[in-house]
Amino acid sequence: MKNTVDFSGRPFHFIGIGGIGMSALAYVLAQRQLPVSGSDIRPSHITQRLQELGAHIFREQEASNLQFFLPTAEPASESLQPATVGVGATNVKKTEQSLKLEPKLNRATGAAALPQVICSTAINTTNFEYLAALELGCPIFHRSDVLAALIQDYQSIAVAGTHGKTTTSSMIGYLLLMAGNDPTIVVGGEVKAWEGNARLGGGAYLVAEADESDGSLVKFSPQLGVVTNIELDHPDHYESLEQVINTFEIFASRCQIVVGCIDSPPVCSRIKPHISYSLNPDAGADYTASDVVYLADGITAQIWERGEILGELNLPLLGQHNLSNALAAVAVGRHLGLEFEVIASAIATFAGAKRRFELRGEVNNIRFIDDYAHHPSEIRATLAAARQNSPNQRIVAIFQPHRYSRTVSLLADFAQCFNDADLVVITEIYSAGEPNNGLVNGQQVAQEIAAYNPHAVYQPSLQSVVEFLQETLRPNDLALFLGAGNLNQVIPELIANFEAAEKDALGEYPCPV
Ligand SMILES: CC(=O)N[C@H]1[C@@H](OP(=O)(O)OP(=O)(O)OC[C@H]2O[C@@H](n3ccc(=O)[nH]c3=O)[C@H](O)[C@@H]2O)O[C@H](CO)[C@@H](O)[C@@H]1O[C@H](C)C(=O)O
Ligand SMILES: Nc1ncnc2c1ncn2[C@@H]1O[C@H](COP(=O)(O)OP(=O)(O)OP(=O)(O)O)[C@@H](O)[C@H]1O
Ligand SMILES: C[C@H](N)C(=O)O
């Protein structure tokens, strides 16, 4: 019999628990008082938050982690002995410390004691903890199997699309929260309103992000599906745009109702949404906007529903791409029966998700902004928003290409998406766990961009980026950090350095005697 995810009390053990999708599920299950544990090779504030909830987090990823679920702590069999194992780049060693761990988990007997092991796509089949779970006979699921089961448990809204999933799903979750529906929310980014990427509510609705990167969104059967747009973004999984479209068609066929943006040609012609939205008032969509005014701190627009005006929307986000995301949220809210006034007043206070055009600080009239853009269309949209918002500032775009597969496949598009930047800094490619195929590197990306924007330079490392920007940034610059990897780690250091330099310049520090 095919295993089904058991929410009745059997333990969950997440391999890769610190992932943005994995941790959201782990959070909700832990909040539902289910036994949750997991491991991750990268401790973070996200794993720390789960630990504070009582989840058992193993800092090393090794076969013996699973021994702690067995009623007796018999030494593992020879084949499981993880004296020294390699996990990815991490050689881990069973340590005395780990033997002292006493899991705060219920100790059922026999097979029932074994946890349901949940794996991220980032966990490959050579992972020793995964292999140990297989050998012990644990039920093994993918992250999407747990999400699919949760989606079945609620009146669910699943937000899919190549770009804008996290922003749109977070906005929908937020407006349902503000409307008093107490939703459960599972998204791919961190949102201030619920201080993270997940929230357990007591209401009937679940709002989830439906990730297409590994094709697993075809498992979901939500009442309401949203498709924001469709492009090729994961050549590591899809051979062509046609394959991406086919996957979204399967997803859409499993939704009772589909809300879609018909400004995206494949959504318009292939998904054919039941409820449509468009930035073009003449496109004949069910929802659209007119009288759009782009302000310094957001956007106002008149919102229309099937030819009738609903009223004014004040969106505290920048860029027409976010107005498009907001139209999706309005369409969903209206479909769920909310008054436009309730929707508009909620969206007016939506602060967005972290790392989505997030202002990290301002020093000496230099603004430091963090954005998750890692696809040419996302970079183009975000630079257009920055240019619109700051027509008189010098825009310095610092971009960390993300995945070798995406960079080589979309190189021609990356070359032409930085035209709105006055200066472009390109770093070495962030692997995201991919092997370096040797087909492309950051310097080549900078060279390709320079053919269209002559002010493109290559700074290979995060340290060289810091040194370069300290010499280059000047008052009235907008420093826009673009990427989904670890580039944004340099922002706090840069801000601190500029603050120190400013204090020096103001003579606030006594001169050394
Ligand atoms: C790989 C993958 O499918 N990632 C997607 C999945 O997150 P999750 O499944 O949690 O994946 P992770 O965030 O990438 O986080 C993965 C976690 O796994 C650890 N690790 C990784 C390797 C290893 O050997 N051991 C080990 O512990 C590692 O340290 C990290 O914390 O779902 C999210 C929500 O939709 C997507 O945003 C996310 O990125 C998609 C692609 C995108 O938005 O395009
Ligand atoms: N509707 C949109 N069209 C194009 N770009 C967008 C759109 N919405 C957001 N973006 C850009 O894409 C970035 C990622 O946004 P978001 O995280 O909401 O999308 P996502 O689909 O969850 O991303 P991913 O799946 O790649 O992690 C944003 O920081 C912004 O630069
Ligand atoms: C950023 C996106 N989650 C990727 O891994 O490509």
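Residues numbered from 1 in each chain as written. Chains lettered and ligands numbered in written order. Predicted model: local features only at pLDDT ≥ 70, side-chain atom pairs only at ≥ 80, totals over all residues. Heavy atoms only, no water.

Draft legend 1. The packing of aromatic side chains, seen in detail. Scanning the model with the defined rule gives 7 aromatic pairs in all. Residues F368 and F498 carry aromatic rings whose centres are separated by 6.0 Å and whose planes lie at 55 degrees to one another, so their mutual orientation is tilted. Remark: F498 occurs in helix α16 (residues 490–505) and F368 occurs in strand β19 (residues 366–371); sequence separation between them is 130 residues. Their ring planes at 45 degrees and their centres at 5.6 Å tell us that F399 and F418 sit as a pair that is tilted. Placement of the pair is F399 in strand β20 (residues 394–399) and F418 in the loop between α13 (411–415) and β21 (423–426), with a sequence separation of 19 residues. (Phe/Tyr/Trp six-rings, centres within 6.5 Å; stacked < 30°, edge-to-face > 60°. Helix = DSSP H or I, 4+ residues; strand = E, 2+ residues; numbered from the N terminus.)

Draft legend 2. Representation of unusual backbone geometry. One non-glycine residue, D182, lies in positive phi territory at about 50 degrees. With respect to the helices, strands and loops of the structure, D182 is situated in the loop between α6 (165–178) and β9 (184–191). For D182, a relative accessible area of 29% puts it in the partly exposed group. One non-glycine residue, N365, lies in positive phi territory at about 65 degrees. Take N365: it is sitting in the loop between β18 (358–363) and β19. (Buried < 20%, exposed > 50% of the residue type's maximum accessible area, 1.4 Å probe, protein only.)

Draft legend 3. Examining the site of ligand 2 more closely. Neighbouring ligand 2 are 18 residues; K165, T167, D371, H374 and T382 lie closest to it. Between ligand 2 and R356, the relevant distance is 2.9 Å, taken from an oxygen atom to a side-chain nitrogen or oxygen of the residue. Within the side chain of T382, an N or O atom sits 2.6 Å from an oxygen atom of ligand 2. When ligand 2 sits alone it has 630 Å² of accessible area, and the protein chains cover 92% of it. Of all the secondary structure elements, the ones that give two or more residues to the shell around ligand 2 are α6, α9 (320–335) and α11 (376–389). Broken down by element, the shell around ligand 2 gets its largest block of residues, 3 residues, from α6. Each residue belonging to the shell around ligand 2 can be placed in one class, and the counts come to 2 nonpolar, 11 polar and 5 charged. (Near = heavy atom within 4 Å. Polar contact = N/O pair within 3.5 Å; in protein donor to acceptor, adjacent residues only side chain to side chain. Areas by Shrake-Rupley, 256 points an atom, 1.4 Å probe, with all protein chains shown as cover. Nonpolar A, V, L, I, M, F, W, Y, C, P; charged D, E, K, R; others polar.)

Nothing here speaks to function; it is all geometry.
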